[in-house]
2 protein chains.
Amino acid sequence: MNLSLKNSLYTAFLIALLAFISTSQSDAHEHASSGSVAIAIHGGAGTITRAQLSDEQEEAYRKAIDKALELGYEKLKNGDDGLDAIEAAIIYLEDSPLFNAGVGAVYTFDGTHELDASIMRGDTLEAGAVSSLTNVKNPIKAARLVMEKSVHVMLSGEGAQRFSQQNGLTRVDNGIFNTPRRYESLKRAKQRIKESEESANANEGLETPVTSDLYATNTQDDYKFGTVGVVVLDANGNISAGTSTGGMTAKRYGRVGDSPIIGAGTYADNASCAVSATGHGEYFIRYNVAADICARMKYQGLSLKEAADTVINQVLKNAGGDGGVIAIDAKGNIAMPFNTEGMYRGSIDTQGNKTVLIYKE
Amino acid sequence: MNLSLKNSLYTAFLIALLAFISTSQSDAHEHASSGSVAIAIHGGAGTITRAQLSDEQEEAYRKAIDKALELGYEKLKNGDDGLDAIEAAIIYLEDSPLFNAGVGAVYTFDGTHELDASIMRGDTLEAGAVSSLTNVKNPIKAARLVMEKSVHVMLSGEGAQRFSQQNGLTRVDNGIFNTPRRYESLKRAKQRIKESEESANANEGLETPVTSDLYATNTQDDYKFGTVGVVVLDANGNISAGTSTGGMTAKRYGRVGDSPIIGAGTYADNASCAVSATGHGEYFIRYNVAADICARMKYQGLSLKEAADTVINQVLKNAGGDGGVIAIDAKGNIAMPFNTEGMYRGSIDTQGNKTVLIYKE
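Everything numeric here is computed off the predicted structure, so don't read it as measured data.

## Quick word on the overall build of chain A
Phase 1: Within chain A one finds nine helices and 13 strands.
Phase 2: By the burial criterion, 59% of the 361 residues in chain A qualify as buried.
Phase 3: Partitioning the contacts of chain A with sequence separation of at least 6, the portion at a separation of at least 24 is 69%.

Below you can see the structure in the form of C-alpha cells.
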C-alpha cells in the first residue's frame, strides 16, 4: 500500500467516523424533541397512613391525582408547552378542596388564607413566584404572569395582587378558599399554641414565645403539608416545574415557606432536572433542596434517582426535615422520594405508564 | 524474626499509623478553631468608574468600608460569634447614607422604602430572612431574630414587623431612610418609566407594560445596586453570611430581589463556603448564585476562587446578569469576583492583611 492510498483510506475513515458521530448526535437530538412526554404530580407528603384514611378518602385522593395527571398529560401529548400542562394540572388541584392550595388551603393564625406559588422552565431558567396572595383564585397563574409579563421573578402581597389583576386575573374574596376541615385544623392548632404559650409563661416567667415549636409535633392535621406540585417533560424536550400552597396552618407574621422560593421548593434546568417539593418548608429553604438535587446531578454525575434519594432520604432526613419531592430529567426519568409515611403522588412516564400512589410501596 | 515478633512489630506499626492519623486530624481541627479569623464586605457592584466618582466620594466609600471591616474584625478577634461580627458591620452600613440599605435605601415607585435582609450560619445551616420591611431601622437585626427567635426562616411585610417589635426592635418612621440623592434617582427612574410606557402605548396600542424593561438600561443611577453584605470566618471555625438591601429604585408590586432569598443572595455551609451577593437580583435568584458557588466547591472540588469566578464571570455574565459576590471558606480564603465595572469591597484575611477596593485592579 503506497502512502497516498494510505492517506486516502485514513481520510475516508475519518469522514466515516465524523458522519457516524454526527448521526448519533442528531439521533440524540431527535430523541429529545421527538415528542416523548412525561409528567409527575404530588399533592403533599406527611403522616398519611392506611389507618388514617377511609376507603372513600383514599379513593378521592387517587381520583384527584389521576385527573390532574390526565389534564396535564393531554396538553403534553398535544405538543403544548410544559407550562401549559403544569398550569392545567395545578389549577385543578388548587380548585380541589382536598389539597392545601387554593380552595382547601390551610388557615393563617388570623383565620384567613395566604397563598404562595412558583413556576420555572428548564430551557431558559426563567422563573416566576408570588407570595402571600389573599384574593387571587389560582396562584399558579399569577406566578406564570410574573415570569412572562414582568421583568421580576418574585412579587409579594398586595403588590403581587395588583399586578395579577392588571394582567387579567379576577379578584376573589378570601372566603372562597374556606373549608370546614381546615377550619377545624386551625382551631386545634390555636388551642395547642395557647396551651404551649401559657405553659411557657408559667414555667419560665419569660415573654410569650411568638412562634411556637409545639405545633411542629402535630401529626394529626398534617398542618405543614398538602402543597401541590407538577413537573413535566414536554414535546420540545423542555422540563419545567411548578408548586402551589397555602403554607402552614396557623402561620403568623407573614411566614413564607419554600414553595415560592426558587431553588428551595421549585427548580428547573434542562442540564439536570426539574423539581417540586412538599414538606417542612424551613428545612427545604435551608438545604436549598430543589436546586441541590439538580446540582448533584450536574456536578457529581448522579442519576436523577440517586440525587433525589440522597437529598430527601439522607441529607434532609438526618436534619429532621420531613417531606418529599417529585423530579424529572430531560430524558423523562421520574423520581418521587419522600421520607414521611406517605405522599400523594402520581406519574405518567414516557411509555405512557401511569401510577397513582399514596403510601410507601 | 519469629512470627510473634513480626506480629508485635506489625501491631506497633498499626498503632503508630493510627496515632499519626489521629494527630493529623486533631491538627486540622485545631487549625479550624485556632482563632484564625477573616472578614469580607461588599457595598454594592455596578457601573462605578473613576470618571464617575469624585475624590471625595471615593474617599467616603473607602472610609465606610474600612470602618465596617474594623467593626466586624474587632468582634471576630474578640472571639465573638460570626453573626455578631456580621451584625456590627451591616448595622454600620445600613446606618450610612452611602449604601442602598437602611438609611440611603432606594425609593419604591410609590416613594417609600421597602427593606430586605437575610443571615445564615455555616455550622448549623440555620437561616433567617425578612422582606418588605418599612419601619424596622436595621433589617439585619430582624433577620437574625427570625433565625434565633422563631421556628421560621422567612417572614415578610407587616407580619415580619410585628414579630420584630415583639422581639424588641423599635418601630421607626419610614422617612428616616430618606436621602435627597436617592429621591433624585427615583424622579429620574419614574420619568424614564413614564416615557417608556407612553412610547409603548403609542407604538403598539397595547396595554401599558406594568413593569418596564427600560429602566434596566439605566447606568447612571445604579438603581439595582448598592446592597451590602458581609461574610466571616469566626474564631470557632464557623463561616457565616449576611446581606441587607433597599432593593431596586422605583420597584413596584411588592418585588422581592435575591437579598432575602436563602440560596440566591445569601448562603453559608461550613462544608463549602459563605456567600453574600449584590447585583441584578432576578438573575441571582434564577441562577441560585450563592448556593451554586457552594455546590461547585462541594461537588466539583473547585477552590473557592474557581467556583466564585465561574459563576460570576462565566455563568452569570453569559446570561447577562450583572453583579458580584463576596465569599469565604472555612480556611479563611476570600474571593470577591464581580462582572461589573466596580464593586465597593474590602477584606481582612487570616494574616490580618486589609484591602479596600472599588474598581478592577
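On we go.
## As for the relation of the copies chain A and chain B
Phase 1: Of the two same-sequence chains, chain A is brought onto chain B (RMSD 0.0 Å, axial shift 0.0 Å) by a rotation of 180 degrees. A rotation of that kind, with that shift, is consistent with a two-fold axis. Scanning chain A for the C-alpha nearest the rotation axis identifies Tyr299(A), at a separation of 2.8 Å.

## Structural notes on the sheet that holds strand β11 (residues 334–335) of chain A
Strand pairing in a sheet relies on backbone hydrogen bonds, with the paired strands running either antiparallel or parallel.
Residue and element names in this part refer to chain A.
Phase 1: Spatially, four strands are ordered β8-β9-β10-β11 in an open sheet, and the strand pairing comes out antiparallel. The two strands at the open ends of the sheet, each matched to only one other strand, are β8 (266–268) and β11.
Phase 2: Where β8 meets strand β9 (residues 273–279), three bridges bridge the pair, whose relative direction is antiparallel. Across the sheet, Thr-266 pairs through a bridge with Ser-276, a residue of β9.
Phase 3: Helix α8 (residues 289–300) contacts β8, β9 and β10 (323–329) of the sheet and is inclined by roughly 145 degrees relative to β9.
Phase 4: Helix-sheet contacts for helix α9 (residues 304–319) involve β9, β10 and β11, and the interaxial angle to β10 is about 165 degrees.

## Re the pairing of strand β6 (residues 239–245) of chain B
Residues and elements named next belong to chain B.
Phase 1: Here β6 lies mainly inside the structure; seven of its seven residues are buried.
Phase 2: Here β6 shows two buried faces, one formed by Ile-239, Ala-241, Thr-243 and Thr-245 and the other by Ser-240, Gly-242 and Ser-244.
Phase 3: Both strand β2 (residues 115–121) and β6 contribute to a ladder of six bridges, which runs antiparallel. Bridge pairing in β6 links Asp-116 to Thr-245.

## Re the interface of chain A and chain B
How big an interface is tends to be expressed through the accessible area that disappears when the partners come together.
Phase 1: Taken together, the contact between chain A and chain B spans 48 residues of the former and 48 residues of the latter.
Phase 2: If you sort the residues of chain A by the area they bury against chain B, Tyr253(A), Arg286(A) and Tyr299(A) come out on top, with a joint share of 21%.
Phase 3: Scanning the region where chain A abuts chain B turns up 20 residue pairs in polar contact (both at pLDDT 80 or more).
Phase 4: When residues of the side of chain A that touches chain B are traced back to their parent elements, those giving at least two are β3 (127–133), β4 (154–156), α5 (157–166), β7 (255–256), α7 (281–286) and α8 of chain A.
Phase 5: Broken down by element, the residue count for the side of chain A that touches chain B peaks at six residues, all from α8(A).

## A short note on empty space enclosed by the protein
Residues and elements named next belong to chain B.
Phase 1: This structure, assessed with the given rule, holds four cavities of 30 Å³ or more.
Phase 2: When its volume is computed, the largest cavity comes out at roughly 90 Å³.
Phase 3: Along the wall of the largest cavity there are 13 residues; nearest its centre are Thr-227, Gly-247, Arg-255, Asp-258 and Gly-279.
Phase 4: A breakdown of the residues in the lining of the largest cavity according to their chemical character gives two nonpolar, seven polar and four charged.
Phase 5: Computed from the structure, the second largest cavity encloses a volume of approximately 70 Å³.

## Thoughts on the side chain of Asp269(B)
Phase 1: Residue placement: Asp269(B) occurs in the loop between β8 (266–268) and β9 (273–279).
Phase 2: Once residues lying within four places of it in the same chain are set aside, the contact partners of Asp269(B) are Gly122(B), Leu125(B), Ile239(B) and Lys298(B).

## A word on the pattern of salt bridges
Phase 1: Tallying each qualifying case throughout the model produces 30 salt bridges over all chains.
Phase 2: A salt bridge links Glu184(A) to Lys187(A); the shortest N-O distance between them is 3.4 Å. In this pair, Glu184(A) and Lys187(A) are both assigned in helix α6 (residues 180–204), three residues apart and thus about one turn of the helix distant.
Phase 3: For Lys187(A), a relative accessible area of 44% corresponds to the partly exposed category.
Phase 4: Across the pair Lys137(B) and Asp95(B) runs a salt bridge whose closest N-O atoms are separated by 3.5 Å. Of this pair, Lys137(B) sits in the loop between β3 (127–133) and α4 (139–149) while Asp95(B) sits in helix α3 (residues 82–95), placing them 42 residues apart in sequence.
Phase 5: Among the residues examined, Lys137(B) registers a relative accessible area of 34% and is labelled partly exposed.
Phase 6: Among the residues examined, Asp95(B) registers a relative accessible area of 32% and is labelled partly exposed.
Phase 7: Within this structure, Asp84(A), Glu87(A), Arg144(A) and Glu148(A) form a network of salt bridges that share partners.

## Description of the packing of aromatic side chains
Phase 1: Overall, the coordinates contain ten aromatic pairs over all chains when judged by the stated rule.
Phase 2: Pairing Phe99(A) with Tyr344(A) gives two aromatic rings, centres 6.4 Å apart and planes at 85 degrees, and the pair type is edge-to-face. Placement of the pair is Phe99(A) in the loop between α3 (82–95) and β2 (115–121) and Tyr344(A) in strand β12 (residues 342–348), with a sequence separation of 245 residues. Considered together, Phe99(A) and Tyr344(A) belong to a single accessibility category, that of buried residues.
Phase 3: Taking 5.7 Å as the distance between ring centres and 70 degrees as the angle between the ring planes, the aromatic pair formed by Phe163(A) and Tyr253(B) counts as edge-to-face. A residue pair is termed interchain when its members come from two chains, as with Phe163(A) in helix α5 and Tyr253(B) in the loop between β6 and β7 (255–256). Judged on exposure class, the residue Phe163(A) and its partner Tyr253(B) are both buried.
Phase 4: Among the aromatic residues, ring-to-ring pairing joins Tyr61(A), Phe99(A) and Tyr344(A) into one connected group.
Phase 5: Across the ring face of Phe109(B), the terminal group of Lys190(B) is positioned such that the distance to the ring centre comes to 4.3 Å.

## Considering the pairing of strand β12 (residues 342–348) of chain B
All names here are of chain B.
Phase 1: Among the seven residues of β12, seven are classified as buried, and the element is accordingly described as predominantly covered.
Phase 2: A two-sided burial pattern is seen for β12, the buried positions comprising Gly-342, Tyr-344, Gly-346 and Ile-348 on one face and Met-343, Arg-345 and Ser-347 on the other.
Phase 3: One ladder, built from six bridges, connects strand β1 (residues 38–46) with β12; its direction is antiparallel. Residue pairing in the sheet places Ile-39 in a bridge with Ile-348 of β12.
Phase 4: Bridge analysis of β12 against strand β13 (residues 354–359) gives five bridges, and the strand direction is antiparallel. Counted as the bridge partner of Arg-345 is Leu-357 from β13.
Phase 5: Joining the antiparallel neighbours β12 and β13 is a turn of five residues, in which Gly-352 adopts a positive phi near 90 degrees.

The rules behind each value
For every chain, the first residue of the written sequence is number 1, and numbering continues from 1 along that sequence. As they are written, the chains are lettered A onward and the ligands numbered 1 onward, keeping that order. Where totals are concerned, whole chains, interfaces and linings use all residues; where local detail is concerned, this predicted model gives features only for residues with pLDDT of at least 70, and gives and counts side-chain atom pairs only at 80 or more. The side-chain values count all of the structure's non-hydrogen atoms but skip hydrogen atoms and water molecules. Numbering goes from the N terminus for both helices and strands, where a helix is a DSSP run of H or I of at least four residues and a strand is a run of E of at least two. Whether a residue is buried, partly exposed or exposed follows from its accessible area with a 1.4 Å probe, protein chains only, as a fraction of its type maximum: under 20%, in between, or over 50%, in that order. Should any heavy atoms of two residues lie within 4.5 Å, those residues are considered in contact. Only residues with pLDDT of at least 70 in both copies contribute their C-alpha atoms to the least-squares superposition of the copies. Strands are labelled as partners when DSSP assigns at least two bridges between them. Fitted lines through C-alpha atoms give the axes, limited to the stretch in contact for helices. The angle between two N-to-C directions lies from 0 to 180 degrees. Accessible area that two parts lose when put together, evaluated with a 1.4 Å probe and summed over both, is termed the buried area. Here a polar contact is taken to be a pair of N or O atoms separated by no more than 3.5 Å, where protein atoms must pair a possible hydrogen donor with a possible acceptor and residues adjacent in sequence count only if both atoms sit in side chains. Two kinds of site are reported from a 1 Å grid over the protein atoms alone, namely cavities, where a 1.4 Å probe fits but cannot get out, and pockets, open sets with protein on both sides within 12 Å along at least five of seven lines, and residues are called lining when an atom falls within 4 Å of a point. Grid points are joined across faces, edges and corners, and a volume is the space filled by probe spheres set on the points. Polarity classes work like this: nonpolar for Ala, Val, Leu, Ile, Met, Phe, Trp, Tyr, Cys and Pro, charged for Asp, Glu, Lys and Arg, and polar for all others, with Gly in that last group. A pairing counts as a salt bridge when a side-chain nitrogen of Lys or Arg comes within 4 Å of a carboxyl oxygen of Asp or Glu. Aromatic pairing here means that ring centres of Phe, Tyr or Trp (its six-membered ring) are within 6.5 Å. Orientation follows from the plane angle: under 30 degrees is stacked, over 60 is edge-to-face, and everything else is tilted. Lysine NZ or arginine CZ positioned within 6 Å of the ring centre and within 35 degrees of the ring normal marks a charge as sitting over the ring.

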